[in-house]
Amino acid sequence: MESKYNYFKRDISWLSFNYRVLLEALDERLPLYERINFISIYSSNLEEFYKIRVADHKAVASGATESDEETVQSARELVEEINKEVTRQLDDRVRIYEQKILPALRKNHIIFYQDNHVEPFHQQFIKDFFREEIFPYLQPVPVSKDKIVSFLRDNRLYLAIRVYPKKEEKNKGEETKENIEKYTGECINERNDGEGIKVGMEEARPNVTDFRQPLYFVMKQPYAKVPRFIELPSREKNHYLMFTEDIIKANLNLIFPGYDVDSSYCIKISRDADILIDDTASSADLVAQLKKKVKKRKIGDVCRFVYDRAMPSEFLDFLVDAFRIQRDELVPGDKHLNLEDLRHLPNPNKSLHSLEKPKPMKLTVLDEKESIFNYVAKKDLLLYYPYHSFEHFIHFLYEAVHNPETREIMVTQYRVAENSAVINTLIAAAQNGKKVTVFVELKARFDEENNLATAEMMQAAGIKIIYSIPGLKVHAKVALIRRRGLNGEKIPSYAYISTGNFNEKTATLYADCGLFTCRKEIVADLYNLFRTLQGKEDPKFTTLLVARFNLIPELNRLIDREISLADEGKQGRIILKMNALQDPTMIDRLYEASEHGVQIDLIVRGICCLIPGQSYSRNIRVTRIVDSFLEHARIWYFGNDGTPKVFMGSPDWMRRNLYRRIEAITPVLAPDLRDNLIEMLDIQLADNQKACWVDDKLQNIFKKRTPGTPAVRAQYTFYDWLNKTNS
């Protein structure tokens, strides 16, 4: 039955979020290089979006794959809508970069050359640097429409170049021919240069009888050998930077003697990076599939061809034909592509201050001498990352390793940090004679190889590894320390439930929560969950909410309770904080609650398919916060007639999380910790510095500070609040 409600399209909503990231580059209150970094994040996000989401839609649009959620026609229309919105956003990115960032750099005595104009005192340096540092690594490859077969690597920058043979007197025609053969000779010889570009002798030979016909080349930028950004000699108090490709462009005449260089433009290709594996395969088959298929990720189908929008149409048409690009794969960019590299932009002006981000604090009640085991045996403990130090969790594992009463350590791993202290501690536990069981999700996108290598290393150390469950992803972030007294007596075991991964790197970048508890009902439920991951039983959960078991029924019961309160004339109240809200069934429940008068606040960082401002959503408000840290925690509040119920855990309200993954959510039962989480939600809803309303057109409407009210920047205000209570 068709729903009476409407929804935003998932991917168009995501583009609204990514545009909000770009808008941070406009905030002049931020340090300049922080603003530049947000352009980098925006660009990196967009690259992954095309590799996964757009690639999926294009596969449906071409008929290569089938989908239950869209038709060939609707997929084509969506790709067109995505490209149109991305083009609009990229226009703004160009404007922000050229009209805001570059002048701000210049104001701070950093001259970032962007065009052909280079000061005379740098011209010789640029020539010398090119000859000595860049030229040896350049390899121009001829391009032909009909004969040459070229392969452009994923997300690599190439320079597309058009040249004409120089006009020569008739008696020098043979010399011209020799020049052409000489300067393309290395490219003409049949070879594979390691970058996947193959050419043949006859295919590459230019037409020398009409040597004023244009010739085209592509040349991969040598960023593995040369930095993307080059610092030039300073002059007085000014510092100078230049893109490597601009140095190359300024010296193309040295690469193509005997030719008139007509023009050159940057191009890049994004390729489908999704890995299609048999989700019903056994663990052994899954490992074999992944080892084979991750190697093919960089040679996937084209999903985006990005080009300098200044490129003339006939130049672009030539490349489209030569590389067999589909028109719906064309995305116009600016002069400099791959601006995700801006995160590496040198800062030669040391007087430019960086952002003073909150430093992770250690709890005074958990100094290095205090046992976390002893503390949690008395009361639950809730940590907030990155405001609290992740070292507390490492110390928790360390205690388990050296506690003689520890029987077993059980952990899930979704995204593992390189050189992980968590993994090293687990290995130490196994070497110390403890039983260690780790569930490793191999299907964590872009982390498959790292997770597999880490799993094999742990297995070699004696850790029991459980691999992915067929047909499911395990996204729960949980750990269990099982203990028994040395004489067999029962003593407390410890459960840990988190909203984020056990990853010390992301724990400094993502805003998450982690709960330590000894409550018997939660420990028992968590043990049952691990048994389920080992395929041993179909469990019953009494306290934890677990996706695919009791989560949806409990969410429906909680929403029904708020609806009943509103119907009785009491206050129905729901606050939901998450990364993404997409599942139509749960959105319908929120629409229904709104129609009954339940007041609903959504704090959704990314995708939000719920449309506010409609007759059926008039009591729903959507807040989005983008700031120094990535808001990653999932926290749910239900008013419950003055006795609030608060939950935290791993899932967003996406269809995949609620129905196709194993997720774990815990109620926060300690009244003081529950109140602390409510305080955090209240602070985020009061944010008037970095918070936006998302309106019914997916616009980010910045919340304005009411005159006479304090400035609230949620991440920093909450950090200050935690700091004051850290005693």
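A short tour of the structure in this document, coming up. Each residue is numbered by its place in its chain's sequence as written, counting from 1. Per-residue local features of the predicted model are confined to residues with pLDDT of at least 70, and side-chain atom pairs are confined, for both listing and counting, to 80 or more; whole-chain, interface and lining totals are unaffected and use all residues. To get the side-chain values, take all heavy atoms of the structure and skip hydrogens and water.

**What to know about the sheet that holds strand β6 (residues 215-220)**
At step 1: Judged by pairing direction, the sheet is mixed, and its six strands sit side by side in the order β2-β6-β3-β9-β10-β11 without closing on themselves. Where the open sheet ends on each side, the last strands, each with one partner, are β2 (141-143) and β11 (330-333). Taken over all neighbouring pairs, the strand axes of this sheet differ in orientation by 35° on average, direction set aside.
At step 2: Bridge count between strand β9 (residues 259-271) and strand β10 (residues 302-308): five bridges; the pairing is antiparallel. The residue of β10 that forms the bridge with I267 is Y307.
At step 3: Relative to strand β3 (residues 158-165), helix α10 (residues 313-322) is tilted by about 115°, and along the sheet it contacts β2, β3, β6, β9, β10 and β11. By this definition, two strands are paired if DSSP reports at least two bridges between them. Helix numbering and strand numbering both begin at the N terminus, where a helix is a DSSP run of H or I of at least 4 residues and a strand a DSSP run of E of at least 2. Helix axes are fitted only over the stretch in contact, all axes being lines through C-alpha atoms; the angle between N-to-C directions runs from 0 to 180 degrees. Contact definition: two residues touch when any of their heavy atoms are within 4.5 Å.

**Considerations on the environment of H475**
At step 1: Here H475 lies in the loop between β16 (473-474) and β17 (477-483).
At step 2: By relative accessible area, which is 6% here, H475 ends up buried.
At step 3: Once the C-alpha coordinates of H475 and N501 are considered, the two residues, 26 residues apart in sequence, prove to be 9.0 Å apart.
At step 4: Leave out the neighbours within four places in its chain, and H475 touches Y414, R634, S650, N657, R661, I662 and E663. Relative accessibility under 20% of the residue-type maximum defines a buried residue, over 50% an exposed one, and the middle range a partly exposed one, all with a 1.4 Å probe and only protein chains included.

**Points about the sheet that holds strand β26 (residues 645-649)**
At step 1: Ordered in space as β20-β28-β26-β25-β21-β22-β23-β29-β30, the nine strands form an open sheet in which the pairing is mixed. Looking at strand neighbours, the two that pair on one side only are β20 (545-546) and β30 (700-702), the edges of this open sheet.
At step 2: Where β26 meets strand β28 (residues 664-667), three bridges bridge the pair, whose relative direction is antiparallel. If you follow G649 over to β28, its bridge partner there is I665.
At step 3: Helix α1 (residues 10-23) contacts β23 (620-625), β29 (691-694) and β30 of the sheet and is inclined by roughly 40° relative to β30.
At step 4: In the packing of helix α17 (residues 584-595) onto the sheet, the strands contacted are β21 (573-578), β22 (599-604) and β23, and the crossing angle to β22 comes to about 145°.

**Describing the side chain of H122**
At step 1: Checked against the element boundaries, H122 lands in helix α4 (residues 120-134).
At step 2: One polar contact links H122 to Y113, side chain to side chain, over a distance of 2.8 Å.
At step 3: Of the polar contacts made by the side chain of H122, one reaches the backbone oxygen of P233; its length is 2.7 Å.
At step 4: Residues in contact with H122, not counting those within four places in the same chain, are Y113, L232, P233 and Y240. Whenever a nitrogen or oxygen atom comes within 3.5 Å of another N or O atom, the pair is scored as a polar contact, on the condition that within protein one atom can donate a hydrogen and the other can accept it, and that pairs from neighbouring residues in sequence are kept only if both atoms are in side chains.

**Comments concerning the pairing of β29**
At step 1: Pairing geometry for β23 and β29, over three bridges, is antiparallel. The residue of β29 that forms the bridge with I625 is A691.
At step 2: For β29 and β30, the ladder comprises three bridges, and the chain directions are antiparallel. Bridged to W693 within β30 is I701.
At step 3: From the end of β29 to the start of β30, which pair antiparallel, there are five residues, and L698 there has a positive phi angle of about 65°.

**Concerning the nonpolar core**
At step 1: Here the nonpolar core consists of buried residues drawn from Ala, Val, Leu, Ile, Met, Phe, Trp, Tyr and Cys, with membership extended through side-chain atoms lying within 4.5 Å. Ranked by internal contacts, the top residues of the largest apolar core, which has 114 residues, are L581, L590, L602, L610, W636 and W653.
At step 2: Counting residues per element, this core draws most heavily on helix α2 (residues 32-61), which supplies 11 residues.
At step 3: Look past the residues within four positions of L610 in its chain and what remains in contact with it is F8, L581, I587, L590, Y591, L602, I620 and V622.
At step 4: Membership of the second largest hydrophobic core comes to 43 residues, among which are F373, Y375, A400 and Y467.

These figures come from the coordinates and say nothing about function on their own.
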